[in-house]
Amino acid sequence: MAWTPSPRQLAGIKAAVFLMALLPFLRMAWLVAQGALVEPLAFLTRGTGDWTLYLLCITLAVTPLRRLTGWNWVVKLRRMLGLFTFFYALLHFSCFFWFDHFFDIAAMLKDVVKRPFITVGFIAFVLLVPLAATSTNGMIRRLGGKRWQWLHRLVYVVAVLGILHFWWMKAGKNDFQQPIVFGLIVALLLGLRVYWRVARK
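Residues numbered from 1 in each chain as written. Predicted model: local features only at pLDDT ≥ 70, side-chain atom pairs only at ≥ 80, totals over all residues. Heavy atoms only, no water.

Counted as a void, the largest pocket has a volume near 1,200 Å³. Contributing to the lining of the largest pocket are 32 residues, with Thr63, Arg78, Trp148, His152 and Tyr156 lying nearest its centre. Taken together, the elements giving at least two residues each to the lining of the largest pocket come down to α2 (40–69), α3 (78–100), α5 (116–133), α7 (145–152), α8 (154–171) and α9 (177–200). For the lining of the largest pocket, the per-class residue count stands at 15 nonpolar, 8 polar and 9 charged. Here the second largest pocket is characterised by a volume of approximately 820 Å³. Thr45, Gly49, His92, Phe117 and His165 are, among the 32 residues lining the second largest pocket, the residues nearest its centre. For the lining of the second largest pocket, the secondary structure elements donating two or more residues are α2, α3, α5 and α8. A per-element tally of the lining of the second largest pocket places α2 first, with 9 residues. Classifying every residue of the lining of the second largest pocket gives 18 nonpolar, 8 polar and 6 charged. (1 Å grid on protein atoms, 1.4 Å probe; cavity = no way out; pocket = protein on both sides within 12 Å on 5 of 7 lines; lining within 4 Å. Points joined across faces, edges and corners; volume = space filled by probe spheres on them. Helix = DSSP H or I, 4+ residues; strand = E, 2+ residues; numbered from the N terminus. Nonpolar A, V, L, I, M, F, W, Y, C, P; charged D, E, K, R; others polar.)

Next comes the structure, spelled out in structure tokens:
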């Protein structure tokens, strides 16, 4: 029989997950504040981008974990993980918009159009915005369960675009090791969903 935590245990698990998801941000902020970095902008941009992908993969892993283990309670962690994914994506975009272009919208849009890896990254971020905005119980009731589910399937598109963004960014350095690992993880997580849907039909 699958283990199910008590309400108190679940609250502790949620608190632990919250702290673990927040720690990378606190570490980055501390290192920048201490002046311990040679290139703080590159460190922040790379770090927030990496953690966006880490948390996106962890969020996508919730459903396979639930189905493979019978731990239905892990679904209650998905919203928090998804919002942390958006949080790090917002920080990643802010590094690009603030430090690279100092809030110059015209220059930012010109860069988005000019460089394909920034284009797909920007589209992925824009698609994350409505997912974060509709993550509350109130928005689920307003949209209705089916429409809300269809909207939140955009996360699959976001995952593919995120990997493509990372791949093209690393292509300039001819360094594909990390993009391949992330790509295989996302392919596995999405492939399991396709398999279960086909098997059910």
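To continue, consider a positive patch on the surface. Side chains of Arg67, Arg197, Arg200 and Lys201 sit close together on the surface and give a patch of like positive charge. Its place among the elements puts Lys201 in the segment after α9. (Patch = residues over 30% accessible without salt bridge, like charges linked within 9 Å, V, L, I, M, F, W, Y side chains within 5 Å. Areas by Shrake-Rupley, 256 points an atom, 1.4 Å probe, with all protein chains shown as cover. Salt bridge = Lys/Arg side-chain N within 4 Å of Asp/Glu carboxyl O. Lys, Arg positive; Asp, Glu negative; His and termini not counted. Charge placed at Lys NZ, Arg CZ, Asp CG, Glu CD.)

Another point: the nonpolar core. Leu56, Leu60, Leu128, Phe182 and Val186 are the most contacted members of the largest nonpolar core, which has 27 residues in total. Among the elements of the structure, α2, α3, α5, α8 and α9 are those that each provide at least two residues to this core. Considering each element in turn, this core owes the most residues, 7 residues, to α5. Beyond its immediate chain neighbours, meaning those up to four positions away, Val186 contacts Cys57, Ala159 and Ile163. Counting residues in hydrophobic clusters, the runner-up holds 18 residues, among them Leu55, Val62, Leu77 and Tyr88. (Core = buried A, V, L, I, M, F, W, Y, C linked by side-chain atoms within 4.5 Å. Buried < 20%, exposed > 50% of the residue type's maximum accessible area, 1.4 Å probe, protein only. Contact = heavy atoms within 4.5 Å.)

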